[in-house]
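# Commentary on secondary and tertiary structure
Each chain is listed here by its residues.
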Protein chains: 2
Amino acid sequence: MNINSDRLWDREQEVGEFGRDERGGISRFAWTQEYREAALALIKWMKEAGLKVRVDTVGNIYGRYEGSEDLPPVLMGSHFDTVPMGGKFDGLAGVMTALEVLVSMREKNIKPKRPIEMIAFINEEASQFLGGHFGSKAICNMLPMNFADISVDRNTGKVLRQAMVEYNMGLDPDNFAGSFIKAEDYFAFIELHIEQGKYLLDADLPIAVIDDIAGIKQFYITFNGESAHAGGMAMKDRHDALAAAAATACEVERLALTSESRTRGTVGYVHVEPGEHNIVANKAIISVDFREARLDIWQRLYDDLIFFVENQCTNRNITYSVSSTINTEPCHCNDQLRKIIAESAEENNIPYMHMVSYPAHDAMQMGRLFPMAMIFLRSSNGGVSHCPNEYTTKEDLAAGADVLYTVIQKICNLDKVN
Amino acid sequence: MNINSDRLWDREQEVGEFGRDERGGISRFAWTQEYREAALALIKWMKEAGLKVRVDTVGNIYGRYEGSEDLPPVLMGSHFDTVPMGGKFDGLAGVMTALEVLVSMREKNIKPKRPIEMIAFINEEASQFLGGHFGSKAICNMLPMNFADISVDRNTGKVLRQAMVEYNMGLDPDNFAGSFIKAEDYFAFIELHIEQGKYLLDADLPIAVIDDIAGIKQFYITFNGESAHAGGMAMKDRHDALAAAAATACEVERLALTSESRTRGTVGYVHVEPGEHNIVANKAIISVDFREARLDIWQRLYDDLIFFVENQCTNRNITYSVSSTINTEPCHCNDQLRKIIAESAEENNIPYMHMVSYPAHDAMQMGRLFPMAMIFLRSSNGGVSHCPNEYTTKEDLAAGADVLYTVIQKICNLDKVN
């Protein structure tokens, strides 16, 4: 074994505990005191391992392991914020395995050709300050420059600027640009993450090589009809916003099931006004979430749904509007890096499979800049994630770190990635 | 004209104003101070007209006009509580026209054979203490004896007992039985109410003779599935409570549209948990409201929907439960009374049509005890009701009172109703 599985497991448990929520599970949101405590524990271990640590202007944490040559480093990592009442694995597994790889290399006194850096992205889950993938998007200059002033904690109303200052780690809400990295700054990016599904569990395999990360379209549709008495108004004379929304929710599912790909289509949020059992609704809002790995299908899903919505609204004589929140194209993982992950698994005698990631990850943003690949670890407990009983075994976590160790050794001795 | 249309209109406006809501419209809920003020204004006029006034143990207000013989009286009336942000007509039109009929009879010194009573039912809308048709149900012994202790204001948590005591009109929460009436106590019941729809408006007619009051089934269906990541979980492995609820909402509409009757089917309330755009919902609750005049269809609708729900839940491997809130059979209005209303309209040269009432009314409960019929008045403003711009013209209100006057004269001289 390349790494120390006891140390890895103990540290995963220790950091994972920060943000314990009395309602159950872990609520560790970016820029909070709980998050800060976790960050300080992480930084302490990084420094003990001799890594050069820096926190960028928005809160992403980097740790650098020097190479023998002044080349663009290999980057690896994930995030350690959680959803409300989440678990102790998720992105944290990717951060702690990255740390364990570097700690183990230091113990063995390994001198790679290229430098290696680990990264912990901030606010990937965006549980309070919405949007998702904040840290990786900031790095890629994908956020508005005034984001610290327009982003507001959805629970407390606190402005992001204030949260960044109160975090007290030297961040600079006026200098998002200080977090930018360029394509030439790094050589490649590897993210390890738990699966958040049960396909590895069903296949009885500990890890997966990710071939593609599905594109994601997330948007809200607001239907505006006319309220009426549930008894007084005949069906033919109604302008029922909720009926249009329900039909659209069914269509989201139908489009996903008939796309000829493994599309996911989800409506998870509904808001109805006035929301009374005896009043035809004048307003209904639904969220729509499509995930699809094939670009042509990913593009078609939205158009097909809006065609359906147009027809619904024409037939019911109501209006609608769409507000888009996420619109990220499918992302193909680098072929050479995927091959390296597969070879590394084989060399460590760890069986694996190939998989598409339907959840989105920070790796999608990194893939815009340099070659990128991902490793998934098996989720136990039926594959559940983003909940208190999310679980990955100590053995599987160690298997992931073992493979990551080998992958990183191989990549940091490459001259180029095709 | 049999009645004084100016006095009727002015009093409708005066009582209608109690409960003015700064958000718009009128919020006059049973047992509140606003309701009490309206009740006191009404009682003052009733006493001025020489009526013998009594308030029963739950808050229904009766006013008696003596007849020349000691016979079971004719009863007429409606309710004057409102929905939140409602209008100035609705049931109040039925209370004020009943008063106007008796005031006009007194002015003309008419001595009918039978006594005549007007009634103002309490808490028909049930805007705070849920259930609907409280006053008429209390009269018919359809409420649990401990209702004053188990019914709670949904906004403030106040128990009904307390509201009844604070109302300070001599009610007795421990004596619902004091409000009971028996079938032999009255001869017949007539309710006048606004249409709450636009069919009279479209037909350019001021009044309607109601042939039937549709039966109503109101219930909530709770779907229990399993939450999952909107990306991680493949469609085939989901147990999506919201998808089942959306399909069921569509089926409610389809069943109404294909029932071969003028069925109304409405889903107006939806609650989803956790209600996040990127999480497959583990729980969804919808309200269902069916209205149908034909007994066989009324019965079939529920069974057909539950058959659909069973299939949905089996296919999705989720569970459901149903909680029924209202289950009232269709009610046929008395043929002789309907004929009397039609003749009375003709005698007053007021054109009319026949209609089914899809909204439920206190008259349904009265119909359990003695012969019952209803008169509808045209709703202007596109037929909207239960909203601030609910409107019936002064002329239509007077036309309704005119017809009601003639109807009552005819009924109170009958020996029997077939």
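Because the structure is a prediction, the values reported are computed rather than measured.

Cut-off values and rules
Residues numbered from 1 in each chain as written. Chains lettered and ligands numbered in written order. Predicted model: local features only at pLDDT ≥ 70, side-chain atom pairs only at ≥ 80, totals over all residues. Heavy atoms only, no water. Helix = DSSP H or I, 4+ residues; strand = E, 2+ residues; numbered from the N terminus. Rg over C-alpha atoms; globule rule 2.2 N^0.38 Å. Buried < 20%, exposed > 50% of the residue type's maximum accessible area, 1.4 Å probe, protein only. Axes fitted to C-alpha atoms, helices over the stretch in contact; angles between N-to-C directions. Parallel < 35°, antiparallel > 145°, perpendicular 65-115°, else oblique. Left-handed = near helix turned anticlockwise from the far one by under 90°. Contact = heavy atoms within 4.5 Å. Nonpolar A, V, L, I, M, F, W, Y, C, P; charged D, E, K, R; others polar. Least-squares fit on C-alpha atoms with pLDDT ≥ 70 in both. Domains from an automatic or database assignment. Buried area = accessible area lost by both parts, 1.4 Å probe. Salt bridge = Lys/Arg side-chain N within 4 Å of Asp/Glu carboxyl O. Expected span 1.5 Å × (residues − 1). Polar contact = N/O pair within 3.5 Å; in protein donor to acceptor, adjacent residues only side chain to side chain. Pairing = 2+ DSSP bridges. Core = buried A, V, L, I, M, F, W, Y, C linked by side-chain atoms within 4.5 Å.

### Observations regarding the overall build of chain A
- Secondary structure summary: chain A contains 12 helices and 16 strands in total.
- The C-alpha atoms of chain A give 23 Å as radius of gyration, which agrees with the globular expectation for 418 residues (22 Å, within 12%).
- Taken along the three principal axes of its C-alpha coordinates, chain A extends 80 × 45 × 40 Å.
- Looking at the 418 residues of chain A, the share that counts as buried comes to 65%.

### What about the packing of helix 1 (residues 5–16) of chain A against helix 12 (residues 394–411) of chain A?
Residue and element names in this part refer to chain A.
- Following both chains from N to C, one finds helix 1 and helix 12 inclined at 110 degrees, their axes separated by 9 Å at the closest point. Taken together, the axes of helix 1 and helix 12 lie roughly perpendicular to each other. Every pair of crossing elements has a handedness; the one defined by helix 1 and helix 12 is right-handed. When helix 1 is examined against helix 12, the residues Ser5, Asp6, Leu8, Trp9 and Glu12 are found in contact with a partner set consisting of Lys394, Leu397, Ala398 and Ala401.
- For the contact of helix 1 with helix 12, the class distribution of residues is five nonpolar, one polar and three charged.

### Points about the relation of the copies chain A and chain B
- Turning chain A through 180 degrees and shifting it by 0.0 Å along the axis lays it on chain B, with an RMSD of 0.1 Å. Read as a symmetry element, the transformation amounts to a two-fold axis. Minimal C-alpha separation from the rotation axis in chain A is found for Ala246(A), amounting to 2.3 Å.
- Most of the interface of chain A is mirrored in chain B: 98% of its interface residues are interface residues there too.

### Regarding the domain arrangement of chain A
Residues and elements named next belong to chain A.
- Per the domain assignment, the segments of chain A are domain 1 (5–213 + 330–412) and domain 2 (215–328).
- Each of domain 1 and domain 2 has a C-alpha centre, and these two points are 34 Å apart.
- Summed over both partners, the interface of domain 1 with domain 2 buries about 930 Å², with 64% contributed by carbon and sulfur atoms.
- On the surface where domain 1 and domain 2 come into contact, there are zero salt bridges.

### Focus: helix 8 (residues 241–257) of chain B
All names here are of chain B.
- Its 17 residues place the ends of helix 8 25 Å apart at the C-alpha level, agreeing with the 24 Å of an ideal helix rising 1.5 Å per residue.
- Across the 17 residues of helix 8, 14 count as buried, placing the element largely inside the fold.
- Structurally, the start of helix 8 carries an N-cap: the backbone nitrogen of Leu242 is 3.0 Å from a side-chain oxygen of Asp240.

### Let's talk about the side chain of Lys113(A)
Residue and element names in this part refer to chain A.
- Summarising the element assignment, Lys113 is placed in the loop between helix 3 (92–107) and strand 4 (116–121).
- Assessed through its relative accessible area of 17%, Lys113 is described here as buried.
- Each residue touching Lys113, except ones within four places of it in the same chain, is listed here: Gly67, Ser68, Glu69, Leu71, Cys412, Asn413, Leu414 and Asp415.

### With respect to the packing of helix 3 of chain A against helix 12 of chain A
Residue and element names in this part refer to chain A.
- Put simply, helix 3 and helix 12 touch, their axes get as near as 9 Å, and they point 60 degrees apart. The orientation of helix 3 relative to helix 12 falls into the category oblique. The way helix 3 lies across helix 12 gives a crossing that is right-handed. Contacts between helix 3 and helix 12 involve Ala93, Thr97, Ala98, Val101, Ser104 and Met105 from the former and Leu397, Ala401, Leu404, Tyr405, Ile408 and Gln409 from the latter.
- Classifying every residue of the contact of helix 3 with helix 12 gives nine nonpolar, three polar and no charged.

### Examining the pairing of strand 10 (residues 270–273) of chain A
Residue and element names in this part refer to chain A.
- Burial of strand 10 is one-sided: the residues Val270 and Val272 facing one way are buried, the residues His271 and Glu273 facing the other way are not.
- As defined by bridge partners, strand 10 adjoins strand 12 (residues 283–292) across four bridges and the pair is classed as antiparallel. When the bridges of strand 12 are listed, Val270 appears paired with Ile286.

### Here's the deal with unusual backbone geometry
- In this structure, Pro274(A) follows Glu273(A) across a cis peptide bond, with omega equal to 0 degrees.
- Located in the positive-phi region is Met85(B), a residue other than glycine, with phi close to 55 degrees.
- Although it is not a glycine, Asn381(B) sits at a positive phi angle of roughly 50 degrees.

### Observations regarding the interface of chain A and chain B
- Counting residues at the interface gives 49 residues for chain A and 48 residues for chain B.
- Summed over both partners, the interface of chain A with chain B comes to about 4,100 Å²; 56% of that surface belongs to carbon and sulfur atoms.
- Applying the counting criterion to the chain A and chain B interface returns four salt bridges.
- Glu276(B) is the salt-bridge partner of Arg154(A), the closest N and O atoms lying 3.3 Å from each other.
- Run the count over chain A and chain B and you get 22 residue pairs in polar contact (both at pLDDT 80 or more).
- Those elements that provide at least two residues to the side of chain A that touches chain B are strand 7 (215–224), helix 8 (241–257), strand 9 (264–266), strand 10, strand 11 (279–280) and strand 12 of chain A.
- When residues in the side of chain A that touches chain B are grouped by element, the largest group, nine residues, is from helix 8 of chain A.
- The residue makeup of the side of chain A that touches chain B, split by class, is 22 nonpolar, 16 polar and 11 charged.

### Describing the environment of Leu200(A)
Residues and elements named next belong to chain A.
- Tracing the backbone through its elements, the reader meets Leu200 in helix 7 (residues 199–203).
- Its relative accessible area of 0% is what places Leu200 among the buried residues.
- Considering only alpha carbons, one finds Leu200 and Tyr352, 152 residues apart in sequence, at a separation of 8.5 Å.
- Leaving out residues up to four positions away in the same chain, Leu200 has contacts with Glu195, Leu205, Pro206, Ile207, Ala208, Met353, Met355, Phe376, Leu377 and Arg378.

### Concerning the pattern of salt bridges
All names here are of chain A.
- Enumeration over the complete set of coordinates arrives at 52 salt bridges over all chains.
- Among the salt bridges present, the one from Glu17 reaches Lys88, with a minimum N-O distance of 2.8 Å. Taken together, the positions of Glu17 in the loop between helix 1 and helix 2 (33–48) and Lys88 in the loop between strand 3 (74–79) and helix 3 put the pair 71 residues apart, joining distant regions of the chain.
- Judged by relative accessible area, which is 32%, Glu17 ranks as partly exposed.
- Taking the shortest distance from any N to any O, the salt bridge between Glu166 and Lys158 comes out at 2.6 Å.
- Since its relative accessible area comes to 39%, Glu166 is described here as partly exposed.
- You can call Lys158 partly exposed: its relative accessible area is 27%.
- Through salt bridges with shared partners, a single network forms among Arg7, Glu100 and Glu107.

### Describing the nonpolar core
- Counting 109 residues, the largest nonpolar core has Trp31(A), Phe80(A) and Ile190(A) as the members making the most contacts within it.
- Once residues within four sequence positions are removed from consideration, Ile190(A) is found in contact with Leu75(A), Met76(A), Gly77(A), Leu337(A), Ala373(A), Ile375(A), Leu404(A), Val407(A), Ile408(A) and Ile411(A).
- Core analysis: the next-biggest nonpolar cluster, separate from the first, contains 108 residues, Ala98(B), Val101(B), Ala120(B) and Tyr186(B) among them.

### Examining the side chain of Glu117(B)
- You can see Glu117(B) is positioned in strand 4 (residues 116–121).
- Here Glu117(B) falls in the buried class, since its relative accessible area comes to 5%.

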